[in-house]
Structure formats: C-alpha cells, structure tokens
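# Analysis of the macromolecular model
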Amino acid sequence: MANLTQQQLQAVTDQGGKLLVSAAAGSGKTMVLVERLMRYILDPVSPANIDDFLIITYTKAAAAELREKIAKKINELLSVDSTNRHLRNQLQRIYLAKISTVHGFCTEILRENAYRLDIPGDFRVAEEDECLQLQDMVLDQLLEEVYGKIQDDADLRCVVDTQGFGRNDKKLPEVIIQIYRSAQCHLDPVGWLDKCVAESEITDVQDASQTVWGRYLIDDLHQCLDLHIPAMRQCAEAARSAEGMEKAAVLLDTTVAQLEALCGQQTWQGVHNNLLLQFGTMTFGKTADPELKEQIKAVRDVCKEALLKKQAVFSYENAQIIAELGSCTSVVRGLAALVRRFSEGYALRKQKRCVLDFADLEHKALDLLLGKHRTGITSVAIELSKRFREVMVDEYQDSNAVQDAIFTAL
C-alpha cells in the first residue's frame, strides 16, 4: 500500500457505509480511490474482482486515465507477488470494469431498461451543437407566438416591459435558457419553477427578511460578521495591551461594538439602519510596535472593505425593497410560463428525433432508480446494488442535485 496519511488511510479502510472524501485538487483523492479498490481485491477472506465495482468520474478522459492508474497499480503489485493468480485475473477483468462518466452509466442503464420508461431502446445522445440547434428552433417559434398574443397576457407583457426586451429581445432567449438549465439541476424542474413563483408572492410580507432573497442576504452578512468580529476583537485586545496604541484601542473597541450591534439585527430595516459603520481614522503613537501596527491595519482594512461591499446591498429602505419585490411577481410568473412552454417544445423536438440530452439522461435514470414520483428505491436500484459491491465516485464536487440523488439511490 502507498504511503498514506492517517486521514487517507481512514478513507481507504472505512467500510461503515457512505463515505465522502473532501480535499483540495492534487491532494490524492484518486490515489485513495485506487488504494481502496486494491484493498477489496487483496482481501484475504473475501477477495473482490475489479468488475464488482461501479466507478464513476466526470469526463471520458478521466475515466480512461483512472483505468490506466488501476492497471498500473495491479502491475506494481504483481511485480512483488508474480504468482498471485487473482491479481493476474484482474488485468484481464479490468476491461470489463464499469469505469465511466455519470452520463455513460445513465445511458447504459437506460438502454437496458428502456421498456420500463416507454422510451425507444435505440435512442441516441444528442451532441451539444444539435441541442443548441433544437433549442434555437423552439425559442424562435415560442417568441413568435408570444409576441403575437402578448396583449392577451399581462404577465408576459410585464416580462417584456420591465426587462427592456421590447427594445432588444436578444436577451430574452438567454434568460429562458439559463432558467431552464437551472431548473434541470433540481429533482423536480416543474416543481422548482412553481416554488419560485410561490416565493415571489409577498402580499403578506412586512419585512424583506421574510423573503428568501432577503433572508439569504442577511444570513450572508451574518456569516461575514462571524468571520470579522473575532479578528477585530483580537486586534482591540492586542492594542489595549501594547504601548503607544491607546487611541487605536478605543477606535477598535468602537468598531467592534458597531459590528456586534449589526450582527444582532435580524430584519432588513434593522440592518439598513445599522450598516452605515464609522471606522474613523486609525492613529498610533510613536512607540507603537511597527509589526503589530501593520497587522492591525491589515485586519481592519480587510474588514472595512468587506463591510463596505455589504452596504451597497442594504442601501435601500425596507419599504422600497418590498415595493420592488412586489412588482417582480408578475415577471417571475411570466418567465416561469415561458420556461415551461420552452421545456415542452424542446421535449417534443427531441422526441421526434429520438434523442436525449444529458439532463434527460440524469432525470430518466433517476426515474428508473427512484420512480417518477421519487417515492423510494425501485427494483432497478435493488438489482444494481446487488450487481455492484460498491459505487465509487471520483471528482464529486461538480455534481448537481439530480446526480447526488442517483449516487444516493445506488
């Protein structure tokens, strides 16, 4: 076994259930995966075969590279124990091993189970250029219909009027596609759109903090303050105990008090009223320690810069924010309606060509594993769990909610 750190060794040997390894790029995550795989293969009690595992990575190149690394590791082990027949068998079986991209895996199980979802078994996966061409065709038809009947739909008129699309409608298709792609990253794209519309209804809201957007911004501010307040306290304490920093200590104490008061605000208006911070001018005596002086100035400058950026976000009064958000409801409804219509038209175009795109692969694979209503593990998921001893996923950080659900179901 390679020279592993204590944490890497734990990741290699742990077999208590689902395991997530989070580490920076180049820190050895792939090496850990290979070592974990070898540990199973070399198990003296129950040795595994390499094709007992499903190994998923995020590009075809990465999958090929991973297969090469596994083969290289097996050859290294054989150079030490050349008579090990089980290891020799793995060199043959490595070409049977399921090492692929997530979309490659989804394609395979969809072809095997196409009849369960009433999709043609000979479907093909559309290239990106073809998807873009189909999307453009759908958008052209959709916008022609929208502008032809725009006087009959107040929400669509509001979309065009408020977003400036009436002067130049080139931006509207981009917005529709962007929202559509965001929706596809959720387990229930239509449900996510409905949720967005519901959350835009703020008729009973008294403070912007009661909206998802206001709450997010206030929570983000609090996280920022949680980072800077302790650092500023340390600066104040250091200044109080140092010679020549009496004035600086008073100013730092005042800044800390302002930050603590701001951190205690939970409403939009409360944040707005307390965010105009007065940092003052930092002065030091002639006997002040130059190194400590520079450290305090650096910490204070970082804090000041971060809070000044937040001031721009909360510069409007609560009443004005509520009015602005209220006027967005019709826009959100209109955009959601456009995205739904685009999604339906795009699906129809793909169906006529007998193609699926990457998002289709993910969602239909999830339909196989959890059912269309995501109510529980299906027989297909059970069959796959019996087929594979373990599922290993390399480079997990780029996944979305749909891929997460696929891995969980496995």
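The preceding data block contains the structure.
Our focus in this paragraph is the overall build of the protein chain. Looking only at helices and strands, the protein chain has 18 helices and 5 strands in total. Here the protein chain has a C-alpha radius of gyration of 29 Å; the compact-globule value for 410 residues is 22 Å, and the former is much larger. The 410 residues of the protein chain split such that 43% are buried. In the protein chain, the share of contacts with a sequence separation of at least 24, taken over all contacts with a separation of at least 6, comes to 73%. Accessible surface, the protein chain: about 22,900 Å² in total, of which carbon and sulfur atoms supply 51%. Here the protein chain contributes 47 positively and 59 negatively charged side chains, and the mean placements of these two sets differ by 4 Å.

Turning our attention to the pattern of salt bridges. Here the structure, examined in full by the defined rule, presents 23 salt bridges. Among the salt bridges present, the one from Arg341 reaches Glu145, with a minimum N-O distance of 3.2 Å. Taken as a pair, Arg341 in helix α15 (residues 318-353) and Glu145 in helix α7 (residues 128-148) lie far apart in primary sequence, 196 residues in all. We classify Arg341 as partly exposed; its relative accessible area is 34%. You can call Glu145 partly exposed: its relative accessible area is 37%.

As for its placement among the helices and strands, Asp360 is situated in helix α16 (residues 358-370). Those residues in contact with Asp360, other than ones at most four positions away along the chain, are Lys350 and Ala365.

Tracing the chain through its elements places Asp204 in the loop between α10 (189-200) and α11 (212-240). A residue is classified by how much of its surface remains accessible, and Asp204, at 66% relative accessible area, is exposed. Counting along the chain gives 89 residues from Asp204 to Tyr115, while the straight-line C-alpha distance between them is 48 Å.

Our focus in this paragraph is the nonpolar core. Formed by 38 residues in total, the largest nonpolar core has its most connected members in Met245, Leu252, Leu259, Ile296 and Leu307. Here the element with the most residues in this core is α11; it accounts for 9 residues. Setting aside its immediate chain neighbours within four residues, Leu259 contacts Leu225, Ile229, Met232, Leu277, Cys303 and Leu307.

The next point concerns the environment of His272. Residue placement: His272 occurs in helix α13 (residues 268-274). It is 8.0 Å that separates the C-alpha atoms of His272 and Gln311, two residues lying 39 residues apart in sequence. Of the polar contacts made by the side chain of His272, one reaches the backbone oxygen of Phe314; its length is 2.8 Å. A distance of 3.4 Å separates a polar atom in the side chain of His272 from the backbone oxygen of Tyr316.

A few words now on the sheet that holds strand β2 (residues 98-101). With parallel pairing, 3 strands are arranged side by side in an open sheet as β2-β1-β5. Looking at which strands have only one partner, the edges of the open sheet turn out to be β2 and β5 (390-393). Strand-to-strand twist across the sheet, computed as the mean angle between neighbouring axes with direction ignored, equals 20 degrees. In this sheet, β2 lies alongside strand β1 (residues 53-57) in parallel orientation, the contact comprising 4 bridges. Within β2, the position partnered with Ile55 by the bridge is Ile99. Lying over the sheet, helix α3 (residues 60-80) contacts β1 and β2, oriented at roughly 155 degrees with respect to β2. Helix α5 (residues 102-112) rests against β1 and β2 of the sheet, and its axis sits at about 110 degrees to β2.

Here we take up unusual backbone geometry. For Asp118, which is not glycine, the phi torsion reads 60 degrees and is therefore positive. Among the structural elements, Asp118 can be located in the loop between α6 (114-117) and β3 (124-125). The exposure class assigned to Asp118 is exposed, which follows from its relative accessible area of 70%. At Cys354, a residue that is not glycine, the phi angle is positive and equals roughly 60 degrees. Tracing the sequence through the fold places Cys354 in the loop between α15 and β4 (355-356).

Rules used throughout
- One numbering rule holds for all chains: residues counted from 1, following each sequence as written.
- Local features in this predicted model are restricted to residues of pLDDT 70 or higher, and side-chain atom pairs are both shown and tallied only at a pLDDT of 80 or more, whereas totals for entire chains, interfaces and linings draw on every residue.
- Based on all heavy atoms of the structure, the side-chain values leave hydrogens and waters out of the count.
- Labels follow the DSSP assignment, with helices taken as runs of H or I lasting at least four residues and strands as runs of E lasting at least two, numbered in each case from the N terminus.
- Two things to know: the radius of gyration comes from C-alpha atoms, and the globule rule equals 2.2 Å times the number of residues to the power 0.38.
- For every residue, the accessible area obtained with a 1.4 Å probe (protein chains only) is divided by the maximum for its type, and the residue is called buried under 20%, exposed over 50%, and partly exposed between those limits.
- Whether two residues touch is decided by their heavy atoms; if any such pair falls within 4.5 Å, the residues are in contact.
- In these tables, accessible area is a Shrake-Rupley quantity obtained with a 1.4 Å probe, and a residue counts as shielded only by the protein chains included in the view.
- When charges are counted, neither His nor the chain ends are considered; positive counts come from Lys and Arg and negative counts from Asp and Glu.
- A charged residue contributes its charge at one atom only: NZ of Lys, CZ of Arg, CG of Asp or CD of Glu.
- The salt bridge criterion pairs a side-chain nitrogen of Lys or Arg with a carboxyl oxygen of Asp or Glu, the two atoms within 4 Å.
- We call a set of buried residues a nonpolar core when its members are Ala, Val, Leu, Ile, Met, Phe, Trp, Tyr or Cys and they connect through side-chain atoms within 4.5 Å of each other.
- Polar contact is defined as a pair of N or O atoms within 3.5 Å, subject to the rule that within protein one atom must be able to donate a hydrogen and the other to accept it, and that residues adjacent in sequence are counted only when both atoms are side-chain atoms.
- Criterion used throughout: strands pair if DSSP finds at least two bridges between them.
- Fitted lines through C-alpha atoms give the axes, limited to the stretch in contact for helices. The angle between two N-to-C directions lies from 0 to 180 degrees.

Read these as geometric descriptors, not functional statements.
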